[in-house]
Amino acid sequence: MTAYDAAASARFDAVVLAGGAAKRLGGADKPGLSVGGRALLDRVLTACAGAATTVVVGGRRPTVRPVLWTREEPAGGGPLAALDAGVRRTSAESVLVLSADLPFLAAPTVDALLDELRRTGREGALCTDAGGRDQPLVAAYRAEPLRRRLALLATEHGSLAGLPLRLLTRELDLARITADPLASFDCDTWEDLAAARARIRDDGGVLDEWITAVKDELGIELDVDTGVLLDLARDAAHGVARPAAPLTTFLVGYAAAKAGGEGKDVVEAARKAAALANRWAAETEAGDGPKNDAG
């Protein structure tokens, strides 16, 4: 494979389906519902942030990052019509296809799908859920055979509106991966949404979830070592005073931003502040020096 071919293979576009009537949610705006303080659509867009172009098929709304917007014809025409509309706006050789209601989808699953597609040379790679069922909206496809199959279905049926996804997937040569069991968990009902929200708060990764939510809200793209910052907050609280913890971490962030705003800048600023807190604590423990008991 030439350097050009390798680069073309690595490049991918993403199509996120964010339409649908959400009947089991009473017609609620499903992509805008939040889990862990972030809209479901934004959570999916974060997971596929490596896409060269991201097309969202659905109604326009504020999003965590820039995307292209389109709608299926006719509106409400179903997943195949929406997929066709989205693929028409892409140009990469590989297309990641996702639904907009996947609260636990993360970049490792996206990477695994794309890696499997490249490794096998097949026409697509999709996730299977915990029950072994195919998830065609958590998948990566080769664009050329995907477009060809969509066009054949449209010709055969006169339109893609209302057609089920299985008509497409049964015509494609697909690989399957077993990813994180939660990767394909989708929020179709209020019970699903409640379960996702509860898991976010009960899971051991709640701090990582919170940091990701804050970074999205503030528009920050930075790898944060939460352990370093927590250690610093502990040292400041114990060695100085409890209110020093949030103030110190704020100052570390400010200093890191001035130094360049990279992860290493956060680590270095945190190291200096932690050393200062430890020196402060040592002085406190030493007090005013040895006491003179001679009177």
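See the structure printed just above.
The model shown is predicted, which means the values in this text are computed figures rather than measured ones.

Draft legend 1. Seen up close, the overall build of the protein. Within the protein, the regular secondary structure consists of 11 helices and 9 strands. Looking at the 295 residues of the protein, the share that counts as buried comes to 43%. Sequence-distant contacts, at least 24 apart, represent 65% of the contacts inside the protein between residues at least 6 apart. Surface summary for the protein: the accessible area is close to 16,100 Å², and the carbon and sulfur share equals 53%.

Draft legend 2. Looking closely at the pattern of salt bridges. On inspection of all chains with the given rule, the structure shows 17 salt bridges. When the shortest N-O distance is used, the salt bridge between arginine 88 and aspartate 84 registers 2.9 Å. Overall, arginine 88 belongs to the exposed group, its relative accessible area being 65%. For aspartate 84, a relative accessible area of 17% gives the class buried. One salt bridge connects arginine 234 with aspartate 231, and the closest N-O pair in it is separated by 3.4 Å.

Draft legend 3. Layout of the nonpolar core. Counting 30 residues, the largest nonpolar core has Val16, Val56, Leu96, Leu98, Leu105 and Leu113 as the members making the most contacts within it. Counting residues per element, the ones that place at least two in this core are strand E1 (12–17), helix H2 (40–47), strand E6 (94–99), helix H4 (107–120), strand E7 (124–128), strand E8 (134–142) and strand E9 (174–177). Ignoring anything within four residues of it in the chain, the contact list for valine 16 reads Leu41, Val44, Leu45, Cys48, Thr54, Val55, Val56, Val57, Leu98, Ser99 and Ala100. Val97, Ala139, Ala143 and Leu163 belong to the second-largest nonpolar core, a separate cluster that totals 26 residues.

Draft legend 4. Spatial organisation of a nonpolar patch on the surface. Among the surface-exposed residues, Val206, Leu207 and Leu230 lie close enough to one another that they form a single nonpolar patch of about 240 Å² accessible area. Looking at the element boundaries, valine 206 is found in helix H8 (residues 206–218). With relative accessibility at 34%, the residue valine 206 sits in the partly exposed group.

Draft legend 5. Just the packing of helix H3 (residues 79–87) against helix H5 (residues 143–157), in detail. Close contact between H3 and H5 brings their axes to 11 Å; oriented N to C, the two are set at 135 degrees. Judged by the angle between their axes, H3 and H5 are oblique. Handedness of the crossing formed by H3 with H5: left-handed. Listed contacts from H5 to Leu80, Leu83, Asp84 and Val87 of H3 are Leu146, Arg147, Leu150 and Leu153. Here the contact of H3 with H5 is built from residues that sort into 6 nonpolar, no polar and 2 charged.

Draft legend 6. View of the packing of aromatic side chains. Per the stated rule, a full pass over the model turns up 1 aromatic pair. Measuring from ring centre to ring centre gives 5.8 Å for phenylalanine 104 and phenylalanine 185, while their planes differ by 55 degrees; the resulting arrangement is tilted. Placement of the pair is phenylalanine 104 in the loop between E6 and H4 and phenylalanine 185 in the loop between E9 and helix H7 (190–202), with a sequence separation of 81 residues. Judged by its relative accessible area of 14%, phenylalanine 104 falls in the buried class. Take phenylalanine 185: its relative accessible area is 25%, and that puts it in the partly exposed class.

Draft legend 7. The arrangement of the environment of aspartate 180 in detail. Positionally, aspartate 180 belongs in the loop between E9 and H7. Note on aspartate 180: relative accessible area 42%, which makes it partly exposed.

Draft legend 8. Spatial organisation of the sheet that holds E9. Strand order in this open sheet of 7 strands is E5-E4-E1-E6-E8-E7-E9, and the pairing throughout is mixed. The open sheet has two edge strands, strand E5 (68–70) and E9, and neither has a second partner. In this sheet, adjacent strand axes meet at a mean angle of 25 degrees when their direction is disregarded. Where strand E4 (residues 54–57) lies against E5, 3 bridges are found, and the strand directions are parallel. Directly across from valine 55, in E5, lies its bridge partner leucine 68.

Parameters at a glance
- Residues numbered from 1 in each chain as written.
- Predicted model: local features only at pLDDT ≥ 70, side-chain atom pairs only at ≥ 80, totals over all residues.
- Heavy atoms only, no water.
- Helix = DSSP H or I, 4+ residues; strand = E, 2+ residues; numbered from the N terminus.
- Buried < 20%, exposed > 50% of the residue type's maximum accessible area, 1.4 Å probe, protein only.
- Contact = heavy atoms within 4.5 Å.
- Areas by Shrake-Rupley, 256 points an atom, 1.4 Å probe, with all protein chains shown as cover.
- Salt bridge = Lys/Arg side-chain N within 4 Å of Asp/Glu carboxyl O.
- Core = buried A, V, L, I, M, F, W, Y, C linked by side-chain atoms within 4.5 Å.
- Patch = residues over 30% accessible without salt bridge, like charges linked within 9 Å, V, L, I, M, F, W, Y side chains within 5 Å.
- Axes fitted to C-alpha atoms, helices over the stretch in contact; angles between N-to-C directions.
- Parallel < 35°, antiparallel > 145°, perpendicular 65-115°, else oblique.
- Left-handed = near helix turned anticlockwise from the far one by under 90°.
- Nonpolar A, V, L, I, M, F, W, Y, C, P; charged D, E, K, R; others polar.
- Phe/Tyr/Trp six-rings, centres within 6.5 Å; stacked < 30°, edge-to-face > 60°.
- Pairing = 2+ DSSP bridges.

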